[in-house]
Every structure is written in structure tokens, then in C-alpha cells.
Amino acid sequence: MLSQRALNITPSVTIGINSKVAKLREQNIEIINLSVGEPDFPTPEKAKLAAIEAIVHNKTRYDMVSGLKQLKNSIVEKLEKENKVSYTSDQIVVSSGAKHAITNALMAVINPGEEVLIPIPYWVSYPETVKLVGGIPVFVDADKSNSFKVTVSDIEKHISDKTRVIIISNPSNPTGAIYSKKELEEIVNYCIEKNIIILADEIYEKINYEGEFTSIASLSDKAKEMTITINGFSKSASMTGWRVGYTASSSAIAKAIISIQGHLVSHPSTISQWAAFAALDKCESDMDNMVEVFKQRRDLAASLFDKISEISYVYPQGAFYIYADISSLRDKLPHNESLSMAFCESLLEKERVAVVPGIAFGTDDFIRMCYACSNEEITEGINRIGNFIKSL
Ligand SMILES: Cc1ncc(COP(=O)(O)O)c(C=O)c1O
């Protein structure tokens, strides 16, 4: 009854954990949920008001498939000012969240059987989206000592005549690592030489605690031509539910994305797009304040993890995750197939703390904790993780 495509897809582990948490909460069991990758701030006031105004003024009809003119122009300005890369508005396509932008982009460039390089650990949806569009995910492992950032020598081992795209999540979900300009230049020059398209997922770009951030497309004209930049409003403007993301790409790819999106969804909700426009135009200080709070939380979470000698972690320079190595617990924790799954299930059962098993990101020796929550939840959650480990 079901298509092979549907049967091939692995359900999202993160969504699975959330439903477990929801069920426990329904039974009035108090849970500290450090699993969801979502800012806990409300959407900035001016963005909300812009959406209300759009409704009141009947800005609720079909509009351009590629997105509202005003929003695309603002995105062009943002990319020029903040990311040092010049696009024209016809190279921007606004979509229903970054997830949708990634799907559009892959649909536009992948033929059935072509390969997409995905560095490990990866964001959970990359391999499944590649499979959905008929591509083949090819995993590239990298060194933990290099915060799992891939290098040309890692990539070279996995290249074939079917390699078409590489996906780079920068800052990374799940590690929070950020590539330097030099590291990116080496990868990008290699991709240009091999004619590999770079899908640069920069959705966490603003949540960057170390200062300078290099957008891949800004490296050179050729880099820009070979790159499809993914960005959006979910993380930077705390607008997860509004579903607004975008691609910036060559005009030819943008045109293909517009055709695809036109048949699939037309365009994202105009109301949400007006809110996103206001977020870009009027809410810069709200976004900066959120990043400052995330940085304090990163420092708090890292200092608490430092006290748990059994685990080490990739020091996060951006995003809002800590990716912690639990391999030293391998002999202490009974498990069949997956150590990280056993860890997370047992932690939830015994200490009522939800985190995501690393197996969902392709590395079973790790767990991912999200610190986009209150200082109290971070402190209590990590203390309980420490207690759990001591009890093993
Ligand atoms: C790396 C990465 N890319 C894309 C997305 C999707 O963002 P959106 O909610 O805008 O679809 C996420 C969300 O978790 C993410 O972590």
C-alpha cells in the first residue's frame, strides 16, 4: 500500500522523544526537556504585530511564489550587510521553513541515484530528505579532535562520479562547532574543482558566540555560484511555528526552486512572511539579546558538564546544543544495539530528563542536550545527568 519512498524513511528520533515527553507530562510527571531544538523566547513583539496588521489589512491573498517582494529585498540587504555576499532578489526563494528550503534545493539539483555527502554527526533530517528526493546519502566521518569539522582529506575518501552535493551545517547542529574561513576555503576550493554543489545550511549563523562568521557563498564568485545558502527565522528570531526560511542561490537554481515550490505549496503563509519581514527590519536588538542570553547559558551548561568527569564534549561556539561523549559508560550501561538510546531511555525513566541519543545524528557514543531553556532547567537537568551517571 505504501510507496518505497515512504517505507525508506526513518521517523525523526527527536520528534519521537518529544511525543514520549508529552505522554509523561499528560500523566502529570514533571520532565526537564533538554531535547527540543527550539528557542524558548517568544517571537519579538514587532514581528507579531506585523502579522496581526497583515490580517487586519487583508494582506492574506496569494502572492508571488518566490515570496513577498519586500521580504526578499530585506533578505538581499541582510545578506549583503551581514554575510558580505551580493544577491539580487530573483535569487531568493522564501519557503515554509528552512526544512522546506532544503527539500526544495535538493529537489532542484539531485537526480535519482546521485550522491549527497553528509558529514557525521548530521542534523537528523538531512539523510531522510536526500532519500525522499531519490538521492543517496553518503556519510563523511570526521575527527572528534577537530570538533567533527570535515576536511578535504575526509571528503576525498567518499567521492565518486555520482557525487553531486555536500551539505555543511555551520554552525553545526548537533555540535555547535563553527568552521573558520580558512577551513571553509579549503573545502570550497575542492568542491569547485570537483564540481560539487555546496548546500550551506546557515540557519544558526546568528547564534555565534565567537565573533566573525564566514558565509560560504561570500568566499568568491565561483563559491557563490556553487552554493545554495539555506537560512530562516526559526532559530534566530524565535519563530519556529511561523515556518519561514529561504534559499539564496544562482538564478538558474532559484528558477528551478520556484517551479517546484509553485506546484507544491505556492508560497509560505503571507501572514508569516510579513512577520518575518518585520523581524528582519525592526527586531535586530531582540535577536542580539537572545544570542547574549544563549551565550550565558552555554557558559553555564559547559561549566556544569566540566564537573562530570565521565563525559567530555565538543566545545560549542554557536547554535544552542552540547554534544557530549558518553563512550566511557559503554561497560556500565546495559544496552543491546544502541548505547545512546539506552542512556536516553534510562535517563528519562530514572531522572526525568529528556536528551537526544547521538545515534539520531550518526554517532552512537554521544548525546545531544539543548540549552535553549532557563538557567534553572539547565542546572537541574545537568545535575540530574551527573546523578544518573554516578548511579551506574
Ligand atoms: C541544522 C538545521 N537546519 C534546518 C532546520 C529547520 O529549520 P526550520 O524550522 O526553519 O524548518 C533545523 C531545525 O532544527 C536545523 O537544526
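Residues numbered from 1 in each chain as written. Predicted model: local features only at pLDDT ≥ 70, side-chain atom pairs only at ≥ 80, totals over all residues. Heavy atoms only, no water.

Section: the site of the ligand
Right, on to step 1. The immediate surroundings of the ligand are formed by 13 residues, with D201, Y204, S234, K235 and R243 found nearest.
Right, on to step 2. Between an oxygen atom of the ligand and a side-chain N or O atom of N173, the distance comes to 2.8 Å.
Right, on to step 3. Within the side chain of R243, an N or O atom sits 2.7 Å from an oxygen atom of the ligand.
Right, on to step 4. Relative to its unbound accessible surface of 400 Å², the ligand loses 92% to contact with the protein.
Right, on to step 5. Its residues assigned to classes, the shell around the ligand comprises five nonpolar, four polar and four charged. (Near = heavy atom within 4 Å. Polar contact = N/O pair within 3.5 Å; in protein donor to acceptor, adjacent residues only side chain to side chain. Areas by Shrake-Rupley, 256 points an atom, 1.4 Å probe, with all protein chains shown as cover. Nonpolar A, V, L, I, M, F, W, Y, C, P; charged D, E, K, R; others polar.)

Some remarks on the sheet that holds strand β9 (residues 312-314)
Right, on to step 1. Judged by pairing direction, the sheet is antiparallel, and its four strands sit side by side in the order β9-β10-β13-β12 without closing on themselves. At either margin of the open sheet sits one strand with a lone partner, and together these are β9 and β12 (356-357).
Right, on to step 2. With two bridges connecting them, β12 and strand β13 (residues 366-370) associate as antiparallel partners. Bridge pairing in β13 places P357 opposite I367. (Pairing = 2+ DSSP bridges. Helix = DSSP H or I, 4+ residues; strand = E, 2+ residues; numbered from the N terminus.)

Looking at the sheet that holds strand β6 (residues 197-201)
Two strands in a sheet stick together by hydrogen bonds in their backbones, pointing the same way (parallel) or opposite ways (antiparallel).
Right, on to step 1. Taken together, the seven strands give an open sheet; going across it, the order is β2-β8-β7-β6-β5-β3-β4, and neighbouring strands pair in mixed fashion. On the outer flanks of this sheet lie β2 (92-95) and β4 (136-141), each paired with one strand and no other. Here the average twist between neighbouring strands, direction ignored, is 25 degrees.
Right, on to step 2. Of the strand pairs in this sheet, strand β7 (residues 227-232) and strand β8 (residues 245-248) are connected by four bridges, and their pairing is antiparallel. Its bridge partner being in β8, N231 is matched across the sheet by Y246.
Right, on to step 3. With respect to the sheet, helix α5 (residues 98-109) is in contact with β2, β3 (115-120), β5 (163-169), β6, β7 and β8, its orientation differing from that of β7 by roughly 160 degrees.
Right, on to step 4. Most of the contacts of helix α6 (residues 125-132) go to β4, to which it runs at about 150 degrees, and overall it touches β3, β4, β5 and β6. (Axes fitted to C-alpha atoms, helices over the stretch in contact; angles between N-to-C directions. Contact = heavy atoms within 4.5 Å.)

Concerning the packing of helix α13 (residues 339-351) against helix α14 (residues 375-391)
Right, on to step 1. With their axes 10 Å apart at the nearest point, α13 and α14 run at an angle of 105 degrees to one another. One element, α13, and the other, α14, form an angle in the roughly perpendicular class. On α14, the residues touching F343, S346, L347, K350 and E351 of α13 are R384, I385, N387, F388 and I389.
Right, on to step 2. A breakdown of the residues in the contact of α13 with α14 according to their chemical character gives five nonpolar, two polar and three charged. (Parallel < 35°, antiparallel > 145°, perpendicular 65-115°, else oblique.)

Let's talk about the domain arrangement of the chain
Right, on to step 1. Domain annotation of the chain identifies domain 1 (4-42 + 286-391) and domain 2 (61-282).
Right, on to step 2. One C-alpha centre belongs to domain 1, the other to domain 2; they are set 25 Å apart.
Right, on to step 3. Counting across the interface, domain 1 meets domain 2 through two salt bridges.
Right, on to step 4. In this structure, K144 and D325 form a salt bridge, with 2.8 Å as the shortest nitrogen-oxygen distance.
Right, on to step 5. For the side of domain 1 that touches domain 2, the secondary structure elements donating two or more residues are α1 (4-8), α12 (284-305), β9, β10 (321-325) and β13.
Right, on to step 6. Element by element, the count of residues in the side of domain 1 that touches domain 2 is highest for α12, at seven residues. (Domains from an automatic or database assignment. Salt bridge = Lys/Arg side-chain N within 4 Å of Asp/Glu carboxyl O.)

Details of the side chain of S238
Right, on to step 1. With respect to the element layout, S238 can be found in the loop between β7 and β8.
Right, on to step 2. Take S238: its relative accessible area is 6%, and that puts it in the buried class.
Right, on to step 3. Once residues within four sequence positions are removed from consideration, S238 is found in contact with P39, F41, P42, T43, F233 and M290. (Buried < 20%, exposed > 50% of the residue type's maximum accessible area, 1.4 Å probe, protein only.)

Some thoughts on the environment of G245
Right, on to step 1. Secondary-structure assignment places G245 in strand β8.
Right, on to step 2. As for G245 and L68, which are separated by 177 residues in sequence, their C-alpha atoms are 13 Å apart.
Right, on to step 3. Once residues lying within four places of it in the same chain are set aside, the contact partners of G245 are V93, V94, S95, S96, G97, A98, N231 and G232.

Considering the packing of helix α4 (residues 69-83) against helix α11 (residues 270-282)
Right, on to step 1. Look at α4 against α11: their axes get within 9 Å of each other, and the N-to-C directions meet at 30 degrees. When the axis of α4 is compared with that of α11, the two are roughly parallel. Our pair here, α4 against α11, has a crossing hand that is left-handed. Between α4 and α11, the contacting residues are Q70, L71, S74, I75 and K78 on the first element and Q273, W274, A276, F277, L280 and D281 on the second.
Right, on to step 2. Broken down by class, the residue content of the contact of α4 with α11 amounts to six nonpolar, three polar and two charged. (Left-handed = near helix turned anticlockwise from the far one by under 90°.)

Section: α4
Right, on to step 1. Given a rise of 1.5 Å per residue, 15 residues ought to cover 21 Å, and the 20 Å separating the end C-alpha atoms of α4 matches this to within 8%.
Right, on to step 2. Considered for burial, the residues of α4 that qualify are L71, K72, S74, I75, V76, K78, L79 and N83.
Right, on to step 3. The secondary structure elements touched by the buried residues of α4 are β2, β7, β8 and α11.
Right, on to step 4. Once α4 finishes, K84 follows within two positions and takes phi at roughly 55 degrees, a positive value. (Expected span 1.5 Å × (residues − 1).)

Description of the packing of aromatic side chains
Right, on to step 1. For the structure on display, the rule yields 15 aromatic pairs.
Right, on to step 2. Geometrically, the ring pair formed by W123 and Y126 is edge-to-face, given 5.4 Å between the ring centres and 80 degrees between the ring planes. For the pair W123 and Y126, one class covers both residues: buried.
Right, on to step 3. Taking 5.1 Å as the distance between ring centres and 90 degrees as the angle between the ring planes, the aromatic pair formed by F343 and F388 counts as edge-to-face. One end of the pair, F343, is in helix α13; the other, F388, is in helix α14, and 45 residues separate them in sequence.
Right, on to step 4. For F343, a relative accessible area of 0% corresponds to the buried category.
Right, on to step 5. In this structure an aromatic cluster arises from ring pairing among F41, Y204, F294, F320 and Y321.
Right, on to step 6. Looking at K59, its charged tip hangs above the ring of W274, at a distance of 4.1 Å from the centre.
Right, on to step 7. Stacked on the ring of Y87, the Lys or Arg K224 has its end atom at 5.1 Å from the ring centre. (Phe/Tyr/Trp six-rings, centres within 6.5 Å; stacked < 30°, edge-to-face > 60°. Lys NZ or Arg CZ within 6 Å of the ring centre and 35° of its normal.)

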